[in-house]
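# Architecture at a glance
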Amino acid sequence: MSRWSLVLASLLGLASMQAHATDPLSIMSFNIRLPAESDGADYWETRKPLAVRMLREEAPDVIGMQELVKSQAEYLARELPQYAWFGRGREADGGGEHMGVFYRRDRLKVVESGDFWLSDTPDVPGSISWNHPHPRMVSWALFERRSDRKRFYLFNTHLPYREQDEAARLKGANAIAQRLAALPAGVPVVLTGDFNTTPDSEVHAVLAKTLQDAWTTASRVEGSDATFHGFTGNADKRIDWIFVKGLLVDAVTSVNTRWGGRYPSDHFPLVVTLRLP
């Protein structure tokens, strides 16, 4: 190889390293709404091509989903082969709703992953405490980006929904905060979820002690701050949040696209654009 070829190769390698260093990371939180025949015209069989279309258009690197059941996950995996996914059902036998996480297999790999339940016995699958009507859990992973081997944690959850569950939501938030505090120092963290309460709550305050709410700290914000709209498009509650630690938040968007008057879910997905240090 000539001297100039070596110089050119060196410059190209440097440019590639610089590109990787500024490569954005896109993460979505998406309550996909489980299949419920009571939804009528908004039943999953009607919505599922809309969900696929939206995900193709947004093309996030990672998607933390809530209310996902296995049949939905299998359909999405077939339609979106560029993604792999993991997660287990919240019930003791592995059935029921998943905190499923989809990720771009070409961009990321899972170093390790796991689950824990929001209960007094977090390592017991399906365990329920604090007067929850259903098990509540967290699925998580340590991801490594293939381009530069930088790592980050992703935690995904769904807190209980009833008005009388605020105390349980608070205990769940504290349990999550304790887990995050035990992570290795210096590794960035992203927390996605449907928290079923508003930003003026103690739940939000507990998490905001050590994490940044992407909606209030992003350099650029687009869309509605409220996310739950019940298939009407008129959202009135900001209950879906993405928290981060150790990352720069370039932008956050709530995705309110629809087709034929229908939405992919009764929640607007959130998408954050981040940069790893």
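Let me begin by describing the structure that accompanies this report. Only a predicted model underlies this, so the values are computations on that prediction, with no experimental measurement involved. (Residues numbered from 1 in each chain as written. Predicted model: local features only at pLDDT ≥ 70, side-chain atom pairs only at ≥ 80, totals over all residues. Heavy atoms only, no water.)

## Considerations on unusual backbone geometry
- Phi is positive for W130, which is not a glycine, with a value near 65°.
- Along the chain, the position of W130 falls in the loop between β5 (108-117) and β6 (137-145).
- A residue is classified by how much of its surface remains accessible, and W130, at 18% relative accessible area, is buried.
- Not every positive phi belongs to a glycine, and R149 is a case in point at roughly 65°. (Helix = DSSP H or I, 4+ residues; strand = E, 2+ residues; numbered from the N terminus. Buried < 20%, exposed > 50% of the residue type's maximum accessible area, 1.4 Å probe, protein only.)

## Some remarks on the packing of helix α2 (residues 44-58) against helix α3 (residues 70-79)
- Closest axis-to-axis distance for the α2/α3 pair is 11 Å, and the angle between their directions is 45°. Here α2 lies oblique to α3, going by the angle between them. α3 is crossed by α2, and the crossing has right-handed handedness. Where α2 abuts α3, its residues W44, K48, P49, V52, L55 and R56 lie against Q72, Y75, L76 and E79.
- In terms of residue class, the contact of α2 with α3 is built from six nonpolar, one polar and three charged. (Axes fitted to C-alpha atoms, helices over the stretch in contact; angles between N-to-C directions. Parallel < 35°, antiparallel > 145°, perpendicular 65-115°, else oblique. Left-handed = near helix turned anticlockwise from the far one by under 90°. Contact = heavy atoms within 4.5 Å. Nonpolar A, V, L, I, M, F, W, Y, C, P; charged D, E, K, R; others polar.)

## Quick look at α3
- For α3, the full list of buried residues reads Q72, A73, Y75 and L76. Axial view of α3: buried residues confined to an arc of 165°, hence all on one face. Opposite its buried face, α3 presents the exposed residues K70 and R78, each directed more than 90 degrees away. (Arc of directions from axis to C-beta.)

## Description of the pattern of salt bridges
- Enumeration over the complete set of coordinates arrives at 22 salt bridges.
- Salt-bridge contacts for E144 lead to R151; the nearest nitrogen and oxygen are separated by 2.8 Å.
- Note that E166 is salt-bridged to R169, the shortest N-O span being 2.7 Å. Taken together, the positions of E166 and R169, both in helix α4 (residues 166-181) and three residues apart, correspond to about one turn of that helix.
- A relative accessible area of 4% places R169 in the buried class. (Salt bridge = Lys/Arg side-chain N within 4 Å of Asp/Glu carboxyl O.)

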